[in-house]
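# Inside the fold
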Amino acid sequence: MTSVFIRTVSESVSALSAAKTLLVVGSKEALAASASHISALTAHLPLAAISNGHSESASHIDADGNVFNVMALSTKKSRHFGSIRGDLLHDIVSKNAGKDKDANVVVVLDSEEQVLTAALSVARAFPLYTNKQKSAAERVINVHFKLQSAPAQPINVAKLQTLADAVRDAGKLIDMPPNELNPTTYVEIVRAVWDSRLKAAGVTLEVIQGTELRDRGYGAIWNVGKASDNLPALVILSHTPAAAKKNVVFVGKGITFDTGGLAIKSKDGMPTMKVDMGGSAGVFQGFVSTILTAPPTNYNLHAILCIAENSIDERAFRPDDIITSYSGKTIEVNNTDAEGRLVLCDGVAHACKHLSADVIVEMATLTGAQAFATGLRHAGVLSNREDFETTVVKSGRTSGDLAFPLIWSPELIGIETLMKSEVADMKNSASNRSNAPSTGAGMFVWSHLSPEEKWVEGGEGRWAHVDMAYPVTIGARGTGYGVGILSTLAGELEKEFA
């Protein structure tokens, strides 16, 4: 098991712990500006080759087999990145911090605004989950962030550590196989975290599970998950400070495995569907990290996890079934593999009916089309308010959980256009897949918000749908996407609602 510890964030780096590997990474400009300070850490660091511009990387191995790596981090980035190329930093650290021995990682930054993205990018380079016959070596990664000058305000290292741990914990959930993580065990994990870390902070936990969902009218999530031996659950975590003025709700899709249901996926399309709960992992750990680092005082914060397994047996819901969602609207099923929007629609309906939501952010690995709309590293954001859309995108750039707007056009890409049913209020999937399907899937969820006038374009309610189907992983590993953007957004809302 690899432990990652953020040791320092300052204009100087003190003596380093003993370790087999030392990796120093930063822009050429930052490395050059800090050359004398970094060189003082060890005489073996081949820094000159980088700082003088002759090379992008340099390495040295001493007589004892200790490895000293220096890597230049590109500063080339477009306006749709944040302050630092977190993707490149992740890749550099993943490949050059060693595999089974202790390591020191020194990241030389150009500005303090890069710290958060850098910390989360380094954290996700060391995934927690493994299930190999040979147990992983116990090792420690010591991380230091070197600034060019003293920060305007002291940077809270403990807060950074909590956020980094949350990213890794979310990534672990995403990496867990479906024979280990199912609706039953997922609820147990959430309950254990609540009991050990959140209960003392005043957070309450409600679990609506199994046939209780059916009996209380949560027909959408119930139908998706009823074919599994591990029945679905709606998990609600709530932080309710005494001076709260507003209600903010994060809602996450938690499909622990998606066979596609009776519209079964292919042999090539079904593997990796364990990651279909990645939205709920981001929401869960985004909530946890917010409560542990900067719990809001000006609004109530809730997290709803919509947990189910889309399985197949004689109980499975069918194409042509008409189901009644918790919003009261009826849905003609024309695609059992469009199940994520079904569990989410019950989640957001709960937020409206029981939590009097003023702000709803739901996060999901919802559509394969997301990559065509916004790429592999940027989630797609759909919102009923342009100002809130901007806030969400900005939170992504600040944290490194990148996002970019999806088209908002209900008159062209709404339920009445894409998912009209002759026998129910709507279908659950569009007949025309070439008309912005990621937007269409989000619009389906939006149609279950109530009262409707609160959530219209420019309305009082703020809603954002974050489709992170591709940012949920890098290669075969979960990224913990969601922790950074949601915790940053929570801070922005705290300031706004003051």
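So, here's what we can say about the structure. (Residues numbered from 1 in each chain as written. Predicted model: local features only at pLDDT ≥ 70, side-chain atom pairs only at ≥ 80, totals over all residues. Heavy atoms only, no water.)

### Some details on empty space enclosed by the protein
All chains considered together, the criterion is met by two cavities of 30 Å³ or more. For the largest cavity, the calculated volume is near 240 Å³. The wall of the largest cavity is formed by 19 residues, among which Asp87, Arg124, Arg377, Gly400 and Leu402 lie closest to the centre. Taken together, the elements giving at least two residues each to the lining of the largest cavity come down to helix H4 (86–96) and helix H5 (115–123). Looking at the lining of the largest cavity element by element, the count peaks at three residues for H4. In this structure, the second largest cavity encloses a volume near 40 Å³. (1 Å grid on protein atoms, 1.4 Å probe; cavity = no way out; pocket = protein on both sides within 12 Å on 5 of 7 lines; lining within 4 Å. Points joined across faces, edges and corners; volume = space filled by probe spheres on them. Helix = DSSP H or I, 4+ residues; strand = E, 2+ residues; numbered from the N terminus.)

### Considerations on the pairing of strand S14 (residues 379–383)
For S14, the tally of buried residues reaches five of five residues, placing the bulk of the element in the interior. Because side chains alternate across S14, one face comprises the buried residues Ala379, Val381 and Ser383, and the other comprises Gly380 and Leu382, equally buried. Strand direction decides the pairing type here: S14 and strand S15 (residues 403–405), joined by three bridges, are parallel. By the bridge assignment, Val381 is partnered in S15 with Pro405. In the classification by handedness, the crossover that spans S14, the intervening helix H13 (residues 386–399) and the parallel S15 is right-handed. Here four bridges tie S14 to strand S17 (residues 462–467), and the two strands are oriented antiparallel to one another. Within the sheet, the bridge partner assigned to Val381 lies in S17 and is Val466. (Buried < 20%, exposed > 50% of the residue type's maximum accessible area, 1.4 Å probe, protein only. Pairing = 2+ DSSP bridges. Right-handed = clockwise from strand over helix to strand, strands pointing away.)

### Re the pattern of salt bridges
Under the defined criterion, the tally for this structure stands at 21 salt bridges. Between Asp276 and Lys253 there is a salt bridge; the shortest N-O distance is 2.8 Å. Of this pair, Asp276 sits in the loop between strand S9 (246–258) and helix H10 (278–293) while Lys253 is found in strand S9, placing the two residues 23 residues apart along the sequence. Across the pair, exposure class does not vary: Asp276 and Lys253 are buried alike. The closest approach of N and O atoms between Asp268 and Lys267, which form a salt bridge, is 3.3 Å. Residue Asp268 shares its accessibility class with Lys267, and that shared class is exposed. Linked by salt bridges that have partners in common, Glu206, Glu212 and Arg216 make up one network. (Salt bridge = Lys/Arg side-chain N within 4 Å of Asp/Glu carboxyl O.)

### Some words on helix H11 (residues 340–354)
The end-to-end C-alpha distance of H11, which contains 15 residues, comes to 21 Å, matching closely the 21 Å that a straight helix rising 1.5 Å per residue would cover. Counting buried residues along H11, 13 of its 15 residues qualify, which places the element largely inside the surrounding structure. Of the residues flanking the end of H11, it is Ser356, one or two places downstream, whose phi is positive at about 45°. (Expected span 1.5 Å × (residues − 1).)

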